[in-house]
Structure formats: C-alpha cells, structure tokens
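Notes for the structure review
Spelled out, the chains give:
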Amino acid sequence: MLIQESKVLIHSLKYKERPDIGIWLGEMLGRELIAYGRLTGVNLIIPDPADKKRLRQKTYNQCDLIAEGIADITSLPVASDVPAEPVTNIIVTLIDLVS
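Being a predicted model, the structure only gives us computed values, none of them experimental.

1. Things to note about the overall build of the protein
Per the secondary structure count, the protein includes five helices and zero strands. Each helix and strand of the protein, ordered N terminal to C terminal, gives the series α-α-α-α-α. Across the 99 residues in the protein, those meeting the buried criterion constitute 27%. Pairs at least 24 residues apart make up 74% of the contacts formed inside the protein by residues separated by at least 6 positions. Accessible surface for the protein amounts to roughly 6900 Å². Of this, 58% is attributable to carbon and sulfur atoms.

2. As for the packing of helix α2 (residues 19-35) against helix α4 (residues 62-74)
The interhelical angle for the contact between α2 and α4, taken along N-to-C directions, is 45°, at an axis separation of 6 Å. Overall, the two elements α2 and α4 adopt an arrangement that is oblique. Our pair here, α2 against α4, has a crossing hand that is right-handed. Facing Pro19, Gly22, Ile23, Gly26, Glu27, Leu29, Gly30, Arg31, Leu33 and Ile34 of α2, the residues of α4 in contact are Leu65, Ile66, Glu68, Gly69, Ile70, Asp72, Ile73 and Thr74.

3. What about the environment of Ile73?
Relative to the helices and strands, Ile73 resides in helix α4. Sequence spacing of Ile73 and Arg31 is 42 residues, and the spatial spacing of their C-alpha atoms is 6.7 Å. When near neighbours in sequence (up to four residues on either side) are disregarded, Ile73 contacts Glu27, Gly30, Arg31 and Ile34.

4. Overview of the environment of Ile45
Among the structural elements, Ile45 can be located in the loop between α2 and α3 (52-58). As for Ile45 and Glu68, which are separated by 23 residues in sequence, their C-alpha atoms are 8.8 Å apart.

5. Let's talk about the packing of helix α1 (residues 2-15) against α2
One can describe the packing of α1 onto α2 by two numbers: an axis separation of 7 Å at closest approach and a directional angle of 130°. Classified by the angle between their axes, α1 and α2 sit oblique to one another. Judged by the twist between their axes, the crossing of α1 over α2 is left-handed. Contact residues: Leu9, Ile10, Ser12 and Leu13 in α1; Pro19, Ile21, Gly22, Trp24 and Leu25 in α2.

6. What to know about α1
For α1, with 14 residues, the first-to-last C-alpha span of 20 Å sits near the 20 Å given by 1.5 Å per residue. Of the residues one or two after α1, Glu17 is the one with positive phi, at around 55°.

Thresholds applied
- Residues numbered from 1 in each chain as written.
- Predicted model: local features only at pLDDT ≥ 70, side-chain atom pairs only at ≥ 80, totals over all residues.
- Heavy atoms only, no water.
- Helix = DSSP H or I, 4+ residues; strand = E, 2+ residues; numbered from the N terminus.
- Buried < 20%, exposed > 50% of the residue type's maximum accessible area, 1.4 Å probe, protein only.
- Contact = heavy atoms within 4.5 Å.
- Areas by Shrake-Rupley, 256 points an atom, 1.4 Å probe, with all protein chains shown as cover.
- Axes fitted to C-alpha atoms, helices over the stretch in contact; angles between N-to-C directions.
- Parallel < 35°, antiparallel > 145°, perpendicular 65-115°, else oblique.
- Left-handed = near helix turned anticlockwise from the far one by under 90°.
- Expected span 1.5 Å × (residues − 1).

As structure tokens, this is what we get:
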C-alpha cells in the first residue's frame, strides 16, 4: 500500500503542479536521514539541477523542493546554484540513502 501511495505522491509532484508535496517529501526524508544517522560529514545539500527547458515548462525544480524540505528539518544549507552531475534516477538514489 505504501508503494502505491508513494507513486501517487511522486506523480502529483511531477505532473499535477503540487510543489508542496516536494517540500513534504523532503521533510520526511530529512527525518529519516537523521534517524538512520546518514548525515555524518554532510554539510551541504546540492540538488540535481533541472534542465533549463524543462524548468520553463514546470516552473519549479522537484529536486530543489525536496532539498528545501530536507534543509527545513536538518538545518543544512542548500546550494541550488552549484553545477552538479545529473542524477539519472533521483528517487532510487534517495531510497538508497535511507536504506
């Protein structure tokens, strides 16, 4: 059941113009990262940069929103303007961090 609910949330974030879900997911992830001690040595959050064309279509970067939610919980700074290597599957990467 949780997987289906997660799929609905991700779908809403990506296709239904629900940026609030990105922040909420980031807050949830931030709590999990703290609970599992996965932030040792982490001092900065760098979200995956959005393609400029896609950003114009969507009006927001999903990764920026998730990073903002993580930052709200962890008090880590977010560097949205730092160029980074694109992550091909951000959801799998985030799940790998928590597991």
